[in-house]
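# Chains, contacts and geometry: an overview
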Amino acid sequence: MGLRLSDALRLSWANIAEYKGRSVVVVATVAILFGLVMGVNFLLRGLEVTLFDASVAKTGGKVYVETSFRKSRYGSNEERLNERLEKYHGEKVGTLKKYALDGETVGVIEVELGKEFPTEEEYVGWGTEKQEMNAAHLSVGGGTTLELKRASVLNLVLGGVYGNAIEEGDLVVDDGSGEIEEYIKTRIEEIQRKKVANADEMLAMDVAEEAEGGQEFTEEDIAYFYEEAENWEPEVSEESIAVFENYWDLKDYVLTRDTPEAKNLEPQAFGVGNLFSNTVDIINEVEMMRTVLKFFEVVLLVVAVIVATLTFAHLIDNDAATVALYRSMGASTGNIYLIYFLYLVELYLLAVLSCIMIAFIIVGVMWLGNAGALAERLKEFYMLKELPKVNLFGFNNMFFGIIGAIMLVAPLSLLLTMRRFSAKHIAKKLKEDQ
Amino acid sequence: MTIKLENLNKKYGKKPVLFDINLEIPTGSFTMLRGVSGSGKSTLMSVIGGIETATSGTVTIDGQDVGKLKGKARTEFYRHKVGFVFQGFYLQPQLSIGENIALMGMFAGMAKKEREARAKELAEKLGIAEVLMQKPAEVSGGQAERACIARAMFMNPEIILADEPTNNLDPENARNVIEMLKRIQVEMGATMIVASHDALVEKYATQVVEVREGRVGVVGADESEKVVRTYDGVTTV
């Protein structure tokens, strides 16, 4: 039986004690770099949950979205959409038709029979009053940037989440009385009259422009022009309205690219957008930030491997006499690799613990400095009655990914420096030292 | 445990350091490799001790061509046959003296209690039992050298190689160490090879091998028969 694991651990720990200074530098460097990433990940996750909760507070925890499949080659848009909704536990509750009324957009919601639907609240943004519409009117406003009252690193996150515009316009719920159809019809007629009234002026401009290009308007062209004005119709788009009982299902619905439409193989084939809140924007922005964080994690891993490998290579060269001693004491090459691999594992376990500590400190500092201010701003932004609960610590699988990345440095460094353990290299270093 | 070197050469890269060595070291002898720094003594010791391999030629120990041994067989052979006392101690600073002595036992997979018992036995024999729990930085040069000797003796080897064992010691400690090595050679019947330029060692040697610029010549140290072999032939004195 060869070298026992307990003895290998003893010998490897002796290395840490022997090279205290170098070990501390490596541990500190890795811990600080990855601790920052881990801390930001904790914050991001906590913030994600906080923002989600605040964004759905006025709809009782449920999330309403507008969504559609367009130009699907794989079946009917409606059927494919319903399949996806069912898969991610969403439910269609109605339809949203958007009328582009010459600079004004009006959304008309038709709620399916028997489905629940919020109607009387004021939602994100600021609303307008349309006295002539008696149907339930929901106020939805444009986006705004949410910033904390005092300078905070969280503004980097919040600026991205709250910098997107929520579609402006009015939303009305068709109550079946015919009033909204009447309103739309009236508006269309108004716009047609306006266009006809302006037709002469517009036509003169067009004729002059065409003449410059050497083109002439025929009588037929002129007649068509007036006919267009008289018969103007708005562009109407139609989306489905779906509800999700919780935002995690919505997140999967938005982000999982599991069908050709969802992968947007056809441009804009799959659409999902905000309704009554900015939950979809939160999902997309947080996901983008998470992607950036993963990118940094990979970069840091590469940096850590380079730093660790160079440091470790230097250590082996300094330790040539020890390696020679071990060989003369009957250590096999495998024994020597084991001792130094365990040294690296111990080192990086210390780095992991330090990294977690640093991450907690970052979260603690941010929480103490910002939680109160964030709660106030969210209450104001979402027009809530009470201060929302703010939680700046969240846990997800990326935590394990970061730990895995740190521990991966150990075997990678060893693999990249294996050549230095060869008898030839060790003998050469011993000769140089003499 | 006769050691025979035949036509042995050693190069580091393109640079030759040992030239055509032919040497026989009889069983149970106390052989001194005498030469100045840089003469090739340590390299020769390393090749005999299995730490380095020869570029060409053979090293035969007790009839076994050690160049033919590979991997585990080679490790086992050297573990049980050869003990090495390094120049400059090479005691691991973070291990206790006891742990340093038992290092070979660690790599042999011996149980901790067994190792500790053996280390204590050797330490008592060499007069350093009281420093077993101390670190190398806390003991004297003489104690450290004896710890190295104890480490070399751990597996009861038949050959002990000591590279400049008196180098860092005062005259009294140096004499003590050499006498100790001589005693070990006589009591254990071990074949002792000591690389040194210390004249004191010569007094205890049964054979002196002159090493000069990578070449060897044997100077018999036994009073009854002195053989001087120079580099260009044999001259009997």
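About the thresholds
- Residues numbered from 1 in each chain as written.
- Chains lettered and ligands numbered in written order.
- Predicted model: local features only at pLDDT ≥ 70, side-chain atom pairs only at ≥ 80, totals over all residues.
- Helix = DSSP H or I, 4+ residues; strand = E, 2+ residues; numbered from the N terminus.
- Buried ≥ 20, exposed ≤ 12 C-beta atoms within 10 Å, placed from the backbone.
- Contact = placed C-beta atoms within 7 Å.
- Core = buried A, V, L, I, M, F, W, Y, C linked by C-beta atoms within 7 Å.
- Domains from an automatic or database assignment.
- Pairing = 2+ DSSP bridges.
- Axes fitted to C-alpha atoms, helices over the stretch in contact; angles between N-to-C directions.
- Parallel < 35°, antiparallel > 145°, perpendicular 65-115°, else oblique.
- Left-handed = near helix turned anticlockwise from the far one by under 90°.
- Nonpolar A, V, L, I, M, F, W, Y, C, P; charged D, E, K, R; others polar.

## Considering the overall build of chain A
- Secondary structure assignment for chain A yields 12 helices and 7 strands.
- Taken across its 434 residues, chain A has 34% of its residues classed as buried.

## Quick look at the overall build of chain B
- Looking only at helices and strands, chain B has 8 helices and 12 strands in total.
- With respect to the principal axes defined by its C-alpha atoms, chain B has extents near 55 × 40 × 30 Å.
- Within chain B, the fraction of its 237 residues that count as buried is 49%.
- Long-range contacts, defined as pairs at least 24 residues apart, comprise 66% of the intrachain contacts of chain B with a sequence gap of at least 6.

## Remarks on the nonpolar core
- Val30 of chain A together with Ile160 and Leu161 of chain B are the most contacted members of the largest nonpolar core, which has 166 residues in total.
- Of the domains in this structure, domain 1 (5-53 + 287-433) and domain 2 (60-175 + 238-276) of chain A are the two that each give at least three residues to this core.

## With respect to the sheet that holds strand 1 (residues 3-12) of chain B
Residues and elements named next belong to chain B.
- The 4 strands are arranged 2-1-4-5 in an open sheet whose pairing can be described as antiparallel. In this open sheet, the two strands that pair with only one neighbour each are strand 2 (15-25) and strand 5 (64-65).
- Relative to strand 4 (residues 56-61), strand 1 is paired through 5 bridges, and the arrangement is antiparallel. In the strand pairing of strand 4, Glu6 is matched with Thr58.

## Quick look at the packing of helix 10 (residues 333-381) of chain A against helix 11 (residues 398-416) of chain A
All names here are of chain A.
- Contact geometry for helix 10 and helix 11: axes closest at 9 Å, N-to-C directions at 155°. Here helix 11 runs roughly antiparallel to helix 10, going by the angle between their axes. Here the hand of the crossing between helix 10 and helix 11 comes out right-handed. Contacts between helix 10 and helix 11 pair Tyr337, Tyr340, Phe341, Leu344, Val345, Tyr348, Ala351, Val352 and Cys355 from the former with Ile403, Ile406, Met407, Val409, Ala410, Ser413 and Leu414 from the latter.
- Partitioned by chemical class, the residues of the contact of helix 10 with helix 11 number 15 nonpolar, 1 polar and no charged.

## Some thoughts on unusual backbone geometry
- Of note in this structure, Phe276 of chain A is not a glycine but carries a positive phi near 70°.
- When you line up the elements, Phe276 of chain A lands in the loop between strand 7 (270-274) and helix 8 (279-318).
- Although it is not a glycine, Asp20 of chain B sits at a positive phi angle of roughly 45°.
- Looking at the secondary structure, you find Asp20 of chain B in strand 2.
- When the 15 C-beta atoms within 10 Å are taken as the criterion, Asp20 of chain B is described as partly exposed.

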